[in-house]
Every structure is written in structure tokens, then in C-alpha cells.
Amino acid sequence: MEPPIMVVNTVLSVMAYDYAPEKEAVYLSDDGGSDLTFYAMLEASKFSKYWLPFCKKFKVEPRSPDVYFRTAVGPMDDPVAAEEWLVVKQLYKDMKNQIESITKLGRVPEEIRRQHKGFKEWDFVSSKRDHQTILQIIIDGRDPKFVDSEGQPLPTLVYLSREKRPQYHHNFKAGAMNALIRVSSRISNAPIIMNVDCDMYSNNSNSIRDALCFFMDEEKGQGIAYVQYPQAFENITKNDLYGSSLNVIYGVELPGMDGYGGTGYIGTGCFHRREILCGRSYSKDYKVDWVKMNRKKTDESAEVLEEASKVLANCKYEENTKWGKEIGLKYGCLVEDMMTGFSIQCRGWKSVYFIPEMRAFVGLAPTTLLDSLAQHKRWSEGDFHIFLSRTFLSGLGKMSLIHKFTYCPYSLWAPNCLPTLYYFIVPSLCLLRGIHLFPQASSPWFQAFVYAILANSAYGLAECTWHKGTAKSWWNDQRMKLFKRMTSYLFGFFDRIFMMLGLTNSGFTITAKVVEDDAAIDRYEKEVMEFGAHSPMFTIIATVALLNLFSFVWGIEMVVTDITSKASLDLFAMQILLCGVLVLINVPVFQGLFFRRDKGKMPTSVTYKSLVIAVSLCSITFYQNGGPP
């Protein structure tokens, strides 16, 4: 799901930070244990010898070579510099072609495997879910032989795939991160740990320096546990088809949390103090001795460090320890990042949310509707877990009550499905039965409802446009909010309840960020919704859309039939308006159900199921008391 060349660009971008390379170590956690990814890292290490000095000389931004060479133009006024620029660009093209050809082949050729001892590790791998710890120090930054083309030291580069055994429960991302914390403490032991997802490259070479400014602040720096940067995405369509940019959350809501003690840890683009991530509690007397922390604690050879560090990434190492409970990322929660950040703040630490003018990290958002809904299902379920946790409900700790409340808009995403489904289903069914639920159009209370709806919509539209959105992107976001509340939050809510009752187990779903179907990519770029998958989520969406369509048609017929007295319009204006808005917002659903012929249309089985359910609901409503009203 994360192509090796994409991972290479992320690794190269963080290796090229504007920071002392001898103080930086880059660890790649490959939970898939792929020799293709390991091969890509070897190629990246070779290219880094030219890429890092190139970035410094030409002041490259961003420092992901793929993104840079895709948009930048070489120097025109200096023939020597222009030739060097073209040489490095060609080196990158050659590396990219080599990696992609090997990836397409699906295996590393034997002649390449013989060139590095690390490939021998895969001789003992039985499967991706059953293998020993694989750890290789690709670049040892302490070794003087590892230098760039200008003779300057390179950052340490380590490949790690933690041990997997069928008999052990694997806490996907949290376990991988905790293994990295243990291993890095043995190899480099830097006081600051930055983690970033493999699909998010560094977009700002000064991010390390910016983060350190907060940690080293003489007045408030001692109380800061982590510095969180917002996420940004490069593949968002003009009108943000799936509402994936989350601009209002990142631009308004999280800065608001920052004013009450700090935002949550969102799992990527975050700089942590190592000792706080490892369980240290807050103390007013806490002081950091940066000089002492920066001293190297080992002069052992790379081979010795590899073997010693493998033990730290084994499954048995953390048995009967505090790892995953009080040390490192928390286990047992689908949003282990948010739970970890929340727990750190409950120990009395603060965090900083920093939005630089040039975004620090840029990645990829889901490009299909199902992937987006699956991602929000995991988020809503995990956030609801935090709300129901003993830490949140007990009121213990050093976190203020109002700071806890700032987590509630996200922690209560999941139960928000219940009132939403009520408003999507009950008013339309009551309209079919002739039961009015809202004030009559002639009532003064009707104006209050209209004002609340218009004011909320206008405020949301203003927030969206303030953050460089469009009116259509706001409309798309409203549609996605409805879809998520009907499906993602619904499944997340009941899954969490069932887990509490011991009926199901939690599972981590990887969200695909790269779509290989050219037709699907073309539809996404044209902002045509992708429904081409069999999913109960789509059945719910289609059923609710059809139910409101039938109710809206019935309501219009009532109004037209009763045009003389206008009693129906007075009684049911709000319900008809609600159904009409839901019909309008679901236009892409109707297109997918009945008018589209591409592979992204709604599957035939989903269409039939939703029609049968919607018609059945309408029929039962009509005839349960002897016929239509």
C-alpha cells in the first residue's frame, strides 16, 4: 500500500534536514518486512551522498526529490550549476526506474542480493506474519567512511522490521513505534524523537530547528512534552471531494485546543521528548541537561549494535513490562497516538501545536470514498474509546477539566451517529404517515429553526472559505459529514460497544493512499465519487438517500394536492425542506445508482438491496394502519 519509491522520498526528505547530520538518525519501521523496501533503502543510501549536498547548495525546498524535480526548474544563468542540477536529476531518475522495475518484478534479483549481507535475513522469513526481527544499520553516521560527495558525514540510517509470531498479539503502529523507541535508545539515544508516516514527506527543512526552539525555551520549554505539526495533503482535488483536507480542524479547532494546554498527538509530524514518551511524570523542578544528553553513549561496532538491538524488538522483550501501558505508545486503542498524547497531558505535561508558514509535512489523503469512510471509522471508534476510558471519566491527573472537554468533539463522533440517523430517517417516515414533527410555517418558532440552520451553515461556509476553501468544497464537506455519521460513526460506535462487552476484537485497518487504477485516478481528479465496491456502508447511504427521495416526492404531491388550503405546506414545510436538502446533497448517490456506467458506479447488488429496503420501509409506513393518510 506504500510503494517503495514513495517511502524512499520520505526517507530522503528527512535525511536532508537543515541540521547537523551527525546528530540525526533515521529509522524506517517496515511492518511488512519487505525485502523490496530494504532494497529501496539501500538505493536511497547511495543517492543520499549526492542529494544532501545538492539540497544545501541549491537551497532545495521541499527536499523530497520526486516532488522537487516534478516542479522545479534548474538554474539558467550558471552553466556549471545547471549541469550539476541535471546530473543529480538524472541520478534520481535512474534510481527511481531501478526501484520501480524491481518492485514490478516482485523480487530482488540474486545478483543484487549478494551485494549486501542484509538480504540473508530473508532466508529465515517464513511469511510476513511470522519472522524474526530484521535490523540493519545501512548507514553508520559514526563511521568516517559514510560521507557524502562533499566529504561531510551522513545521518545514520537504520532499517527495522520487528519480530512477528502467530502466537503474539501485534499492536500494529503502537508496537512498531515502541520497538523503534527501544532500538534507537541503544543505537543513537537522541533526546528528541520525531515520527512521520511513510507517505508524508518533509516539506520544510527547518522543522527540526523550529521544534527545538519550543523545547529549549528558557521560560516554558521545560514543561513541553511534544511539538505537533498539522498534516497537509498534496492530492486534494480543487473542491476537496471527500473532505479530506480537514482544514477547519487543523486551522481552527486544534489551535483552540492549544490554548488550554495543547492539542492531541495525531500520530505523524510530531517531535517528542524521549524520556517523557518513556513515562516520565511532570515536575516543576524538571531540568534538561542538553550537553549531557548529546554525548554518545556507545562506541560499539555496527554489527554488535545490530545484534544487541534485535533483542529489544523481539515480542518477548516487553512481556510483563510497562511498555504499551505506562511507557511508549499505548496499546489496546485504535487511535494509539491520541490516547498516548492524552495520557501524557494527564501526567501534567503540555504540548505545542505549530503551524509554520511553509507546511512541515505533506502527504497523501485517501482517494476513494470507501477508504475515507474506513479511516474515519477507525478514528471515531478509537476516539470514543478515549471518552469511555477510566482516565477520561475518573477526572484524575493533572489535566484541567476544560482541557478534557476540548477532546469531546472528537471523542463523541461515534455516538453522534444516533441523532443524525434519527433526523435522516424519522422525519421522512413521519412525513409519509402525515405526522408533523416541527413547528408549523406560520408559527414564530419556525423562524427560530430557520435562523439556526442558516446561521450554522453561514458560519461553516465562512470558516471554509477563510481557510482557502470554495463554496463547493464546503458543500462536499457537508455531504461527507452526513456519510460519515451514517456509516463510519455508526460502525465505530457499535464496534466499541461490542468490544466492551467482549463480543469482538479491535483491528487496525490500513488505509490505501495510492490507487493503481488509472480510470479510478481519472474519476478522482474529475471529482466523480467512487462507489465501485461492495460495502454495507454504501447500502446504508443509498437506502437513506432513496427513502428521503420517496418522502420528498410524497411531500410535494401532498402540497400540490392541497394547494387551495395550503394546510399541508404549513404543517410539513420543515420536513419537506429537510428531505429536499438530503435529496440535493445525495445527487452523486443517485447518479451512482441509476445513471453512471463506469466501474465507479454503485454495484448492482447494492442498488437492489437499497431499493428493496427503502421500498419496504415506505410500504410498512403506509399500510401499518390501514393505508396511506
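Small disclaimer: the values here were computed from a predicted structure and weren't measured.

1. Re the packing of helix α13 (residues 369–388) against helix α21 (residues 536–561)
Part 1: α21 packs onto α13 with a crossing angle of 100 degrees between their chain directions and a minimal axis gap of 10 Å. On the basis of the axis angle, α13 is roughly perpendicular to α21. Residue-level inspection shows Leu369, Leu370, Leu373 and Lys377 of α13 in contact with α21, the latter providing Met537, Phe538 and Ile541.
Part 2: In terms of residue class, the contact of α13 with α21 is built from six nonpolar, no polar and one charged.

2. As for the domain arrangement of the chain
Part 1: Parsing the chain into structural domains produces domain 1 (1–165) and domain 2 (411–624).
Part 2: Relative placement of domain 1 and domain 2: their C-alpha centres are 46 Å apart.

3. Some thoughts on the UniProt feature "binding site: Mn(2+)" (unreviewed entry) in the chain
Part 1: With numbering matched to this structure, UniProt assigns "binding site: Mn(2+)" (unreviewed entry) to Lys173 and Asp197. Spanning 25 residues, the annotated positions come together in the fold, the maximum distance between their C-alpha atoms being 10.1 Å.
Part 2: Relative to the elements of secondary structure, Lys173 occurs in helix α6 (residues 172–187).
Part 3: Residue class for Lys173 comes out partly exposed when judged on its relative accessible area of 22%.

4. Describing the sheet that holds strand β4 (residues 192–195)
Part 1: As summarised here, the arrangement of the four strands in space is β4-β7-β6-β8, forming an open sheet in which the pairing is mixed. Taken across any chain shown, the strands that pair with only one partner, and hence form the sheet edges, are β4 and β8 (350–353). Here the strands of the sheet are splayed against their neighbours by 20 degrees on average, with no regard to which way each runs.
Part 2: With four bridges connecting them, β4 and strand β7 (residues 270–273) associate as antiparallel partners. Looking at β7, one finds that Ile192 is bridged to Arg273.

Conventions we followed
- Within any chain, residue numbers begin from 1 and follow the written order of that chain's sequence.
- Two thresholds apply to this predicted model, a pLDDT of at least 70 for residue-level local features and 80 or more for giving and counting side-chain atom pairs, whereas whole-chain, interface and lining totals are computed over all residues.
- No hydrogens and no water enter the side-chain calculation; it runs on all heavy atoms of the structure.
- For helices, the fitted axis covers only the stretch in contact; all axes are lines through C-alpha atoms, and the angles between them, taken along N-to-C directions, range from 0 to 180 degrees.
- Under the scheme used here, helices are H or I runs from DSSP no shorter than 4 residues and strands are E runs no shorter than 2 residues, and both carry numbers assigned from the N terminus.
- Oblique is the label for every angle not falling under 35 degrees (roughly parallel), over 145 degrees (roughly antiparallel), or within 65 to 115 degrees (roughly perpendicular).
- The contact criterion used throughout is that any non-hydrogen atoms of two residues lie within 4.5 Å.
- Residue polarity is assigned by list, with Asp, Glu, Lys and Arg as charged and Ala, Val, Leu, Ile, Met, Phe, Trp, Tyr, Cys and Pro as nonpolar; anything else, Gly included, falls into the polar class.
- Where each domain starts and ends follows an automatic or database-derived domain assignment.
- UniProt positions are given in the numbering used here, feature names are shortened, and annotations may be inferred rather than shown by experiment.
- Exposure is judged per residue with a 1.4 Å probe applied to protein chains only, and the accessible area is read against the type maximum: over 50% gives exposed, under 20% gives buried, and values in between give partly exposed.
- Between any two strands, at least two bridges found by DSSP are needed for them to pair.

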